[in-house]
Every structure is written in C-alpha cells, then in structure tokens.
Protein chains: 2
Amino acid sequence: MAQSDTVDRILDAAEELFAERGFSETSLRMITSKAKVNLAAVNYHFGSKNALIHAVFARFLTPFSSTLETAFNNLEERCDGQPPTLNQTLWALTESAVRMPQRNEKGISIFMRLLGLAYTQSQGHLRKFLEQEYSQPFSRFMRLLKESTPQLSAVDRYWRIQFMLGATAFTMSSSDALRDILQNKLGVETTVQEIAARLVPFLAAGMQAEDPLLMMPTFGKTSVA
Amino acid sequence: MAQSDTVDRILDAAEELFAERGFSETSLRMITSKAKVNLAAVNYHFGSKNALIHAVFARFLTPFSSTLETAFNNLEERCDGQPPTLNQTLWALTESAVRMPQRNEKGISIFMRLLGLAYTQSQGHLRKFLEQEYSQPFSRFMRLLKESTPQLSAVDRYWRIQFMLGATAFTMSSSDALRDILQNKLGVETTVQEIAARLVPFLAAGMQAEDPLLMMPTFGKTSVA
DNA sequence: GTCTGTTTCAAACATACGTTTGATAGTTGA
DNA sequence: TCAACTATCAAACGTATGTTTGAAACAGAC
C-alpha cells in the first residue's frame, strides 16, 4: 500500500513507551519490537530517535494547540472585551485538554505524562523544538493569565505560574500511578476529568492567595528584599 | 591515608551531575573524570551505579530526616496536644529543608532538584530504596497534614497533597533555570528561601480551597459521581 | 624489611545503543 | 513488460555504557 501504517505503529508504540519509561530509558529496539516493525524503520521514516520524539509530540500537540486556539477565541468572545476570570481561563485550558479526541482510553494520561516529561527531562532538543513550534498558544495562555490576575505583581505571578505548571505536570504525569494507589488505599475510582476538576480550584486558590511575603516567619537571616 | 577522600569526591561529582543531567544521562565516566578518580573506583567503593545513586540520596536524606524529626517534635510540643495549623506544618518542613547544613552554595538547589528527580524519573530501584529507608518521616508529615486539614475528605486530601508535591518538586527541580529566567526577564534576584516563602502560602491556599467538585462546569459527559 | 590488607590504575570485557548498509520485495506509472 | 521508486529486512558498524580483572602502589603492624 502507498501509505503504510508502519509510521503510525511506530508512533503508537513510541508514545506509550516514552510515557511509561522516559526518553533515554526507551530504546529504538523496544519501540520497533513493540510496534512489530523492523529496527531500521525508525531511521528510515523519521531520520533519528530525536526526530521520532518530536513527531510523537507533534502528533498530539498540533491538534491540541488549534483546539486551544478556538477555546481561547470563544472565551474572549464570551467576555466581550472584559478580561476573563482566572477560573474561566483555567477551565478553557482544562476542557480543551480533556475534550481532545483520543486514540484510545489511555490517550489523555499519556498526553499528560508526556507533557510532564517534556518539562522534567532535560532534553535540550525537545525544549527547543517545543518552544519554536508551539510558542504562540503558550504566550496567549500567559497573556490571559495575566489579565485574569491583575492584582499580582509580575514576580508573584511568575512564580505562581511555575507552581501551577508543577502541580499540573507532576500530577498528570503520574496520574496512572496515583489513581492506582487511591484505588488500593481507599477503594475509589477516579477519572482524569475528575482529577482536573479537583486541580483547577486548587490552582485558582493558590494563585489568589494573600501576599506571599507577609506570612513568612523569619529565617536565620532573612534575605527577602 | 586510611580513609581516602575518593568516596566524597565521587559523591560530590555524582550529586552535581545527577542534579543537572538526570541519572540515565550521567555516565560513570563523566562522574569519575569530574571527580578526578579512576573509573573503577565507583564499582570498588559503591558496588554499582545504582548503589551510588542510593548513596548520593542517603548522604543528604539521612541528616535531613533527623532534622525533620526534631522540627516535628518541636512543633507538636509547641502545639501542646492541639493539632498544628496547616501553615505551621508546611513551615516546619520548609524551614528544615532551608536550614540544612550545606556543603556549598549550590547545596540547597541540588538537594531540591534531586528530590524532584527522584519523583520524576521513574527509576524503580530508587523509589523502592527511598520508600524503605525514609518511610517514617514521610508518614509522620502525612499524619500532621491530615491533622492540619480536618475539613477535607480523605480523597480530597489525597489529591491536594499530590498537587502540593508536584508544585514543590517541579519548582525546586528546576529552580536554577527558573531563577535565571526571572533574572533575565525582570532583572530580579531570587534566593531559594524566597521561593519557599512564596510557595508555602500558595500551597496553603490551595489546600484550603472550597469544595472542588462544586465549581466544575459540565463536561460533554459528566463522569463525576 | 617484610608481610597483610586496602586502595588505585590501565586495560579489557561483554553488552546495549543509535545508525548505516546493501540486498530484497513491493508498488506505481508509462 | 519494464523501469523507477518506495518500503522492508537481516546484518553489520562504530561507539558508549556498566562492570571486571590483575597488576601496581600504598598503608600500617610486627
């Protein structure tokens, strides 16, 4: 056949293995044997392992960033010139992620875990790739966040955004494990949608906390300006 | 000399390289050449690379967990039978981390980044090692958190603790990079102490947010019980 | 000084990795 | 039917990894 499914089989296998083991810890031989294709197929179709990593991200990040764009458009339209509230901004992002068409039932957790890995694993080439390919929706989200939290100083906002990213990336990146633990400990089933529903108010409350430096106890030497 | 400093030189180099590159991405040859010792020294003194990773963690986790123990003792003494507040519990942990005696100026960020990596990189042996060596202070912190947030259901508390861990581990694991960015963008200097001072109120506010499931918009199909 | 145990060192080992090769099969368009 | 192109495959390549070896250097005790 003209357009073989080898490419997709490789992407599926790579996506899953990367998500559960990380990039350096996943070899091309694991990927190709899981995908039931020849070892050389990766280099033939993608060129290199790094290019395969990029392709895995591009496959879900490209549709996601356009979904996100329309979500942000809708939000700004609904707000009619007014800045959106923090909750609205966060929900726009969350719903876009949760609503993404998924290839299988594990789709959303893999998606999240890969995003978390992208931040965490210090793969220079990946960060560069993501920055130059997807900087636009990212900046737009940042701008919306800024409008949603006019009471924060730039420095406060900066750090709190990092805290939000951390809570999100970490939780989602290990959501499978965390769900299993909860299932065993308390016998509770949890969906990714539910995790998101718990995460957003947590983040919103954190973003809107009182002035951070007021409630700090004095350290040995207080180095706060 | 009877007790050579080779062991410490290896630990110093390994700690720094692990922190900035991750475990799989750091080879024994990088470590030994940075430490200026022979390649075989690692296997001679530690037995294996994994054992070296464990030793790196043990070197700062063991004193830290005893610092933590006294901090928790003090806290419970001060509270005199009453459960501590959430802010007190979080500060007890934070101050212990910040006050740890450090080998050098980079000590605290390396410490934090390694903790973040321990969570993030799915090194099975590491997780097992940490669980069986340091489960006690961890459980104690969890118990204090539980007493500090009696208003939360077990499930809510579970997820919010994960969110806290994520925000902390992620921020700390990339604190150097984040500080640099802030320095370049806004010309602001930041200490680790200051990051902690911003993080704690963020976490406390998130933990004490309103009932999460109330403010969720309806998804396509609402899967929340 | 010699013996004993410990530590260092250069070299090699076996294995795993990403990548390349060259032959073979399959498909397409004239 | 034949040529041109594309895709697959087994095999090999070069390199890097963690680990082991056996000899050399060093230490302290007698």
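Everything that follows concerns the structure shown earlier in this document.
The present account deals with the structure reproduced in this document. (Residues numbered from 1 in each chain as written. Chains lettered and ligands numbered in written order. Predicted model: local features only at pLDDT ≥ 70, side-chain atom pairs only at ≥ 80, totals over all residues. Heavy atoms only, no water.)

Counting secondary structure elements, chain A contains 10 helices and 0 strands. Burial analysis of chain A (225 residues in total) assigns 51% to the buried set. In chain A, the share of contacts with a sequence separation of at least 24, taken over all contacts with a separation of at least 6, comes to 73%. About 10700 Å² of surface is accessible on chain A, with carbon and sulfur atoms providing 53% of the total. (Helix = DSSP H or I, 4+ residues; strand = E, 2+ residues; numbered from the N terminus. Buried < 20%, exposed > 50% of the residue type's maximum accessible area, 1.4 Å probe, protein only. Contact = heavy atoms within 4.5 Å. Areas by Shrake-Rupley, 256 points an atom, 1.4 Å probe, with all protein chains shown as cover.)

Moving on to the protein's contact with DNA strand C. Neighbouring residues of DNA strand C: 18 residues in total, closest A:Leu28, A:Arg29, A:Lys49, B:Thr6 and B:His45. Among the atoms of DNA strand C close to the protein, meaning within 4 Å, 49% are from sugar or phosphate groups. Separating a phosphate oxygen of DNA strand C from a backbone N or O atom of A:Leu28 is a distance of 2.8 Å. Between A:Asn43 and DNA strand C, the recorded distance is 3.3 Å, taken from a side-chain N or O atom to a phosphate oxygen. Going through the elements one at a time, helix H2 (28–35) and helix H3 (40–45) of chain A together with helix H3 (40–45) of chain B are the ones with two or more residues in the surface near DNA strand C. Top contributing element to the surface near DNA strand C by residue count: H3(B), with 3 residues. (Near = heavy atom within 4 Å. Polar contact = N/O pair within 3.5 Å; in protein donor to acceptor, adjacent residues only side chain to side chain.)

All right, on to the protein's contact with DNA strand D then. Residues in close proximity to DNA strand D total 18 residues, the closest being A:Thr6, A:His45, B:Leu28, B:Arg29 and B:Lys49. The sugar-phosphate portion of DNA strand D accounts for 52% of its atoms within 4 Å of the protein, the bases making up the rest. Separating a base nitrogen of DNA strand D from a side-chain N or O atom of A:Asn38 is a distance of 3.4 Å. At 2.8 Å from a phosphate oxygen of DNA strand D is found a side-chain nitrogen or oxygen belonging to A:His45. The biggest single contributor to the surface near DNA strand D is H3(A), with 3 residues. Among the residues making up the surface near DNA strand D, the classes are represented as 7 nonpolar, 8 polar and 3 charged. (Nonpolar A, V, L, I, M, F, W, Y, C, P; charged D, E, K, R; others polar.)

Moving on, we get to helix H1 (residues 6–21) of chain B. Residue and element names in this part refer to chain B. Taking 1.5 Å as the rise per residue, H1 with 16 residues should run 22 Å; its terminal C-alpha atoms sit 22 Å apart, in good agreement. Turning to H1, its buried residues number three or more, namely Thr6, Ile10, Leu11, Ala13, Ala14, Glu15, Glu16, Leu17, Phe18 and Ala19. Where H1 is buried, its residues meet helix H2 (28–35), H3, helix H4 (49–79) and helix H6 (107–120). Immediately downstream of H1, the backbone of Gly22 shows phi near 90°, a positive value. (Expected span 1.5 Å × (residues − 1).)

A few words now on helix H10 (residues 192–207) of chain A. Compared with an ideal rise of 1.5 Å per residue, which puts 16 residues at 22 Å, H10(A) spans 22 Å between its outermost C-alpha atoms and is within 8% of the ideal. A large share of H10(A) lies buried, amounting to 15 of its 16 residues.

This brings us to the packing of aromatic side chains. All names here are of chain A. Tallied over the full model, the rule gives 19 aromatic pairs over all chains. Note on Phe57 and Phe60: the rings are 5.8 Å apart at their centroids and 40° apart in plane angle, and the pair reads as tilted. Highlighted residues: Phe57 and Phe60, both in helix H4 (residues 49–79), separated by 3 residues, approximately one helical turn. Look at Phe57 and you get buried, because its relative accessible area is 0%. (Phe/Tyr/Trp six-rings, centres within 6.5 Å; stacked < 30°, edge-to-face > 60°.)

Grouped together as the largest cluster of nonpolar side chains are 136 residues, with contacts concentrated most on A:Leu52, A:Phe57, B:Leu52 and B:Phe57. Beyond its immediate sequence surroundings of up to four residues, A:Phe57 is in contact with A:Phe23, A:Leu114, A:Leu115, A:Ala118, A:Leu126, A:Phe129, A:Leu130 and A:Tyr134. (Core = buried A, V, L, I, M, F, W, Y, C linked by side-chain atoms within 4.5 Å.)

Note on the identical chains: chain B maps onto chain A by a rotation of 180° and an axial translation of 0.0 Å, with an RMSD of 0.1 Å. One copy is carried onto the other by what is essentially a two-fold rotation axis. The C-alpha atom lying nearest the rotation axis in chain B is that of B:Ala167; the distance is 2.0 Å. Of the interface residues in chain B, 100% have counterparts in chain A that sit at the interface too, so the contact is made through matching surfaces. (Least-squares fit on C-alpha atoms with pLDDT ≥ 70 in both.)

What follows is about the interface of chain B and chain A. Facing the 61 residues of chain B at the interface are 61 residues of chain A. Here chain B packs against chain A, burying approximately 5400 Å² in sum over the two surfaces, 72% of which is carbon and sulfur. Our count for the contact surface shared by chain B and chain A stands at 2 salt bridges. Ionic pairing is found between A:Asp156 and B:Arg198, a salt bridge with its closest N-O pair at 2.1 Å. Our count for the chain B to chain A interface comes out at 4 residue pairs in polar contact (both at pLDDT 80 or more). At the level of elements, H1, helix H5 (86–99), H6, helix H8 (154–173), helix H9 (175–186) and helix H10 (192–207) of chain B are the ones that each hand at least two residues to the side of chain B that touches chain A. At 14 residues, the largest contribution of residues to the side of chain B that touches chain A is made by H8(B). The residue inventory of the side of chain B that touches chain A, partitioned by class, reads 33 nonpolar, 16 polar and 12 charged. (Buried area = accessible area lost by both parts, 1.4 Å probe. Salt bridge = Lys/Arg side-chain N within 4 Å of Asp/Glu carboxyl O.)

On to unusual backbone geometry, then. Residue and element names in this part refer to chain B. Phi is positive for Lys36, which is not a glycine, with a value near 55°. Residue position: Lys36 is located in the loop between H2 and H3. Backbone geometry at Asp80 places phi at a positive 55°, although glycine is not the residue there. Examined against the element boundaries, Asp80 turns out to sit in the loop between H4 and H5.

A few words on the pattern of salt bridges. All names here are of chain B. Applying the stated criterion across every chain yields a total of 19 salt bridges over all chains. Across the pair Asp5 and Arg9 runs a salt bridge whose closest N-O atoms are separated by 3.5 Å. When its relative accessible area of 37% is taken as the criterion, Asp5 is described as partly exposed. Relative accessible area serves as the criterion here: at 32%, Arg9 is assigned to the partly exposed category. Between Arg198 and Glu194 there is a salt bridge, with the nearest N and O atoms lying 3.6 Å from each other.

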